[in-house]
Amino acid sequence: MTDTDGLRLLPFRGLRYAPDRISSLTAVTSPPYDVVVRPDGVRLLETADPYNIVRLILPQAADPATRHRQAATTLARWRAEGVLVTDPRPALYVYEQRCGDVLQRGLIGSLRLDGPVLPHEDVIPEVVEDRAELMRAAAANFEPLLLAYRGDGSVTGAAAVIATAVRRAPLLATTTEDGFTHRLWAVTDPAELATIDADLSGHHALIADGHHRWATYQRLHEQTPGASAGSPWASGLVLLVDTARHPLQVRAIHRVLPYLPPDEALARLGGAFRARPLPGDAAAALATLEKTPGNAFVLTDGTGTFHLLDRPDPHLLAEAVRADRPELWRTLDATVLHSVLLDTVWQVPDRPSHISYLHHTEAALAQAARHGGTALLMRAATEETVRDLARQGVMMPRKSTSFGPKPATGLVLRTLDSAMD
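Residues numbered from 1 in each chain as written. Predicted model: local features only at pLDDT ≥ 70, side-chain atom pairs only at ≥ 80, totals over all residues. Heavy atoms only, no water.

## Some remarks on helix α15 (residues 383-391)
Cut-off, in case you're wondering: Only protein chains enter the calculation, and the probe is 1.4 Å; a residue is then buried if its accessible area is under 20% of its type maximum, exposed if over 50%, and partly exposed in between. Secondary structure elements are taken from DSSP: a helix is a run of H or I of four residues or more, a strand is a run of E of two residues or more, and numbering for both begins at the N terminus. Should any heavy atoms of two residues lie within 4.5 Å, those residues are counted as being in contact.
Residues E383, T385, V386, R387, L389 and A390 constitute the buried set of α15. On its buried face, α15 sits against β6 (117-118), β8 (145-149), β11 (205-209), β13 (249-251), α12 (327-330) and β20 (402-404). A positive phi of about 75° marks G393, the residue just after α15.

## A few points about the packing of helix α4 (residues 64-80) against helix α5 (residues 125-138)
Just so we agree on the cut-off: As a rule, the C-alpha atoms of each element are fitted with a line to give its axis, helices using only the stretch in contact, and angles between N-to-C directions run from 0 to 180 degrees. Take the far helix as your reference; a near helix turned counterclockwise from it by less than a right angle gives a left-handed crossing, and one turned clockwise gives a right-handed crossing. Only Asp, Glu, Lys and Arg are considered charged in this grouping, and only Ala, Val, Leu, Ile, Met, Phe, Trp, Tyr, Cys and Pro are considered nonpolar; every other residue, Gly among them, is considered polar.
Put simply, α4 and α5 touch, their axes get as near as 8 Å, and they point 35° apart. Of the two elements, α4 crosses α5, and the hand of that crossing is right-handed. Residue-level contacts link P64, R67, H68, A71, A72 and L75 of α4 to D130, E133, L134, A137 and A138 of α5. Among the residues forming the contact of α4 with α5, the class breakdown is seven nonpolar, one polar and three charged.

## Some words on the side chain of E96
Test applied: Whenever two N or O atoms come within 3.5 Å, that pair is a polar contact, provided that in protein one can donate a hydrogen and the other can accept it, and provided that, for residues adjacent in sequence, both atoms are side-chain atoms.
Following the sequence through the fold, E96 ends up in strand β4 (residues 92-99). A polar side-chain atom of E96 sits 2.8 Å from a polar atom in the side chain of R105. When sequence neighbours within four positions are dropped, the list of residues in contact with E96 reads L103, Q104, R105, V166, T181, H182, R183 and W185.

## Examining the packing of aromatic side chains
Inclusion rule: In this scheme Phe, Tyr and Trp rings, the latter by its six-membered ring, pair at centre separations within 6.5 Å, and the angle between planes marks the pair as stacked below 30 degrees, edge-to-face above 60, and tilted otherwise. A ring is considered to have a charge above it if a Lys NZ or an Arg CZ atom is located within 6 Å of its centre and within 35 degrees of its normal.
In total, this model carries five aromatic pairs according to the counting rule given. Relative to W78, the ring of Y17 lies with its centre 6.4 Å away and its plane at 50°, an arrangement referred to as tilted. Taken together, the positions of Y17 in strand β2 (residues 15-17) and W78 in helix α4 put the pair 61 residues apart, joining distant regions of the chain. An identical accessibility class is assigned to Y17 and W78; each is buried. On the numbers, 5.4 Å between centres and 85° between planes, the contact of Y51 with W78 is edge-to-face. Pair noted here: Y51 is in the loop between α2 (39-48) and α3 (54-57) and W78 is in helix α4, with a separation of 27 residues, a long-range link. This pair shows no difference in class: Y51 is buried, exactly as W78 is. Taken together through their ring pairs, the aromatic side chains of Y17, Y51 and W78 make up a single cluster. Residue placement shows R325 over the ring face of W329; its charged tip is 4.7 Å from the ring centre.

## Here we look at the nonpolar core
Stated formally: By convention a nonpolar core is built from buried Ala, Val, Leu, Ile, Met, Phe, Trp, Tyr and Cys residues, the set being connected through side-chain atoms within 4.5 Å.
Formed by 110 residues in total, the largest nonpolar core has its most connected members in Y17 and W346. Of the residues forming this core, the biggest block, seven residues, is contributed by helix α13 (residues 333-345). The residues contacting Y17, other than those within four sequence positions of it, are I22, L25, V28, Y51, N52, I53, W78, V83, L84 and G410. Membership of the second largest hydrophobic core comes to 16 residues, among which are A282, A285, L308 and L377.

Here it is, written out as structure tokens:
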């Protein structure tokens with residue numbers, strides 16, 4: 001897992017939008033690439049501003065190679081036109097997100113890949129390969145992944161530097177359409193950077209969001225001839241959050257099975273799960289789900305019909321769920337869903353065309369209704385469960401849970417040429 005004792009977060013010269021060249025920061029930012037899943041979502045962002053970051057993270061073209069070249073060409077053009085400008089000094093960036101009672105602060109920097117970082121999910125090789133080709137073509141990290149570490153809760157070390165930084169005027173401030181206010185500060189003082197470095201050297205991190213991007217960073221480093229520990233490919237762009245001070249929100253990721261109609265799904269259950277209709281809307285169904293003991297899911301057609309699936313057949317559980325994993329893993333909702341329902345009962349192929357992963361309930365309902373398929377609404381695992389299994393080296397089922405708030409994409413980018421300055 002690691003060649004070093006702790007985390008090494010390196011300063012870099014961030015690439016940021018020039019305010020006078022765009023309509024607004026809000027108009028050029030985007031959610032992470034894997035949250036912008038629908039073509040209409042991409043189109044909406046593209047029309048918000050001609051320089052929206054989605055043109056770099058999700059370029060639209062007929063084939064992958066063309067998409068990757070297009071992103072690289074677009075990035076080069078925007079830099080040449082002065083739309084994106086490199087900061088004059090290497091920095092770590094204090095990043096704040098606030099919405100109502102939610103306040104998250106962390107540090108954006110270039111994290112050494114040989115540090116102690118714990119994954120908790122497997123990745124899809126095809127996605128890693130696509131991200132790697134995009135980053136290689138553009139020689140850039142377009143969006144930070146989200147990492148969590150546990151400090152001691154005190155305002156010392158990195159936390160003290162963050163507390164000092166947020167009292168200064170920010171480099172930028174914007175409010176995105178989801179209601180979150182985003183602010184960014186640069187930390188360039190050598191003493192403050194040394195304080196952060198000393199503090200983080202005693203910690204490990206958990207990947208909260210961005211397993212595919214982390215795997216991409218590792219692949220690019222491994223595939224770069226002669227890449228040493230000092231190479232720009234030996235680190236990658238991250239947001240590092242101390243969850244002892246700023247606990248992450250943990251939400252479920254729902255599944256949509258576009259080729260399995262709800263009536264067929266219910267008819268083929270047999271005795272695998274008890275199924276009973278639920279009155280009310282999606283919010284009421286999810287409230288019932290949260291109160292249901294044991295493994296349970298909400299099955300819906302997306303148009304207003306909901307069924308609670310619970311009380312799985314214990315004999316089927318024993319047969320379908322792997323016995324060589326810890327009990328904590330064996331009883332996860334995501335484990336039971338994939339092992340029992342998707343693999344054994346419904347025999348749904350584990351391919352992106354047959355299983356979609358949606359972060360928002362409304363999106364899952366809409367997609368199920370559009371395709372005449374089945375949506376399965378789920379509950380989230382806790383951060384403690386994720387961290388416990390990660391420490392044991394046990395991977396959770398893919399897309400088991402969603403940590404947030406996720407960093408907005410487009411506030412600060414890292415290019416490999418600026419990393420070498």
